[in-house]
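# Coordinate analysis (summary)
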Amino acid sequence: MTVEIRVRSVKPLRQTFGHIARRFGDKPATRYQEGTYDLQSEVNHHYKPLWDPEHDIYDRRRTAIQMADWYALKDPRQYYYGSWTIARSRHQEAADRQMEFAEKRDLLRHLPADLQAALQRAILPLRHFEWGANTNLCFVSAYGYGTALTQATSMATMDRLGMAQHVSRIGLLLDGNTGSSLVEAKRLWMEDATWQGLRRQTEAIFVLRDPIENFIAQALVADALVYELCYRRFEPLWTASQGAGVATLLDFPLRWQEETQRWVDSVVKTMAAESDANRKTLQGWVDSWRARWNAALAPLAAAVLGESGGAAALTAADAALGARLPKVGLKTTTTPAATPAATPATQGAAA
Amino acid sequence: MSAATDTGTVTTRPPVFIALQANNDTIPIVEAIQADNPGAELLEFPGMVKINAPGQLVIRRASIEERVGRDFDLREMQLNLISLAGEVDETEDQFILEWKNA
């Protein structure tokens, strides 16, 4: 008996959804494309939001930025829910190992008292900065337009809670799981003079009504300066005399920021390339928030690294942001706002 | 010789091929191969994509990375590799298939 095996191939009628095929042609689509493009509803909004009768529930007019196609703001990392959770669980495993390393050796509690205090004063209050960033990105997710942007910002909100946890865990390593360092971190954030600039600017972003200005202020300007200053420039404080122990814990936020800034830069670049009007608006936002955050960070940098060391570190952090701007089509002409002591003094003189 | 195949002209060298599973992971790889090898021919089967190329087939890491939006290790391709024909010349940056002695 002979058995004849024949291959029978059935051509699928269509390779992907109609709305994806209309954009990219009828060929197999990636999951990112299927999970992103044209997902948000655009028409037939039956219910006007009563809390904002001027606008529809999703509305392009909430921002000064104009885009012919908001789906041009795609995420170069191509994160949809699945790929994002997989990537983040890998990051979490790596961060857990670093934490475990520090915990087993009790690295932080073997630090000299003054360096423990510096970690408390310079790093731990950042958990409240992260919470603020979560709130700000929630606003962008809620009022931004198009799934390409709002899905990425939604994932970023959760990233920020994760980062707040990372900082909290550093605190728990420091205080032997009592939580006292976290109470102190909250007090510093609420009351300590060196942190009030950061808190003020974080809260200033809370009350913005333009989601894209919010995105620029938080994700482009504030994150670039805060991460570069606090996690990179403060680091020698501990590593200079104590080896790389603390650096293993501060490394994860930096790598997260490196990954995230690729997405932020790509979004800003696309918006700036869309039109001169966009470019002008973005430039105005960047310049004003860059000056404000530089001024806000100056007292913190000075308190942690000393007057001249702090000013140099902040200038270096600002230069890193400045180097990114031409790459996204913006100018970097503004000089950083002020030297640490100058801001209050000049304000005083003006008054 | 390789310059000639890059422009897609027909050569007399024996063809090479690579067959990959047709899934979400291989879409960017296949796109990269098509972009880098204009002379290659794409055959779609149920669950499989076979790419024939006259003489030489080049798979570049940079081209794949551009499409996946992250760092890519060419060895990841092995997870979805069904079969190939040709001598393999593999570095971190590219994976070349050709019959060197033919």
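What this report covers is the structure whose coordinates are included nearby.

Rules used in this analysis
Residues numbered from 1 in each chain as written. Chains lettered and ligands numbered in written order. Predicted model: local features only at pLDDT ≥ 70, side-chain atom pairs only at ≥ 80, totals over all residues. Heavy atoms only, no water. Patch = residues over 30% accessible without salt bridge, like charges linked within 9 Å, V, L, I, M, F, W, Y side chains within 5 Å. Areas by Shrake-Rupley, 256 points an atom, 1.4 Å probe, with all protein chains shown as cover. Salt bridge = Lys/Arg side-chain N within 4 Å of Asp/Glu carboxyl O. Helix = DSSP H or I, 4+ residues; strand = E, 2+ residues; numbered from the N terminus. Pairing = 2+ DSSP bridges. Axes fitted to C-alpha atoms, helices over the stretch in contact; angles between N-to-C directions. Contact = heavy atoms within 4.5 Å. Buried area = accessible area lost by both parts, 1.4 Å probe. Polar contact = N/O pair within 3.5 Å; in protein donor to acceptor, adjacent residues only side chain to side chain. Nonpolar A, V, L, I, M, F, W, Y, C, P; charged D, E, K, R; others polar.

### Side note on a nonpolar patch on the surface
There is a patch of nonpolar side chains on the surface, built from Met1, Val3 and Ile5 of chain A and spanning about 470 Å² of accessible area. Structurally, Met1 of chain A can be placed in the segment before α1 (18-24).

### Quick notes on the sheet that holds strand β1 (residues 16-21) of chain B
Strands belonging to one sheet form pairs held by backbone hydrogen bonds; the direction of such a pair is parallel or antiparallel. Residues and elements named next belong to chain B. In space, the four strands of this open sheet follow the order β2-β3-β1-β5, with antiparallel pairing throughout. Edge positions in the open sheet fall to β2 (41-45) and β5 (81-85), since each of these has one partner strand only. The mean angle between the axes of side-by-side strands here comes to 15°, regardless of whether they run parallel or antiparallel. Where β1 meets β5, four bridges bridge the pair, whose relative direction is antiparallel. Bridge pairing in β5 links Ile18 to Leu84.

### Quick word on the interface of chain B and chain A
Residue-level contacts link eight residues of chain B with eleven residues of chain A. Taking both partners together, chain B and chain A bury about 720 Å²; carbon and sulfur atoms supply 44% of that area. Linking chain B with chain A are zero salt bridges. At the junction of chain B with chain A, the criterion picks out three residue pairs in polar contact (both at pLDDT 80 or more). Going through the elements one at a time, α2 (27-36) and α3 (61-68) of chain B are the ones with two or more residues in the side of chain B that touches chain A. Taken together, the residues of the side of chain B that touches chain A break down into three nonpolar, two polar and three charged.

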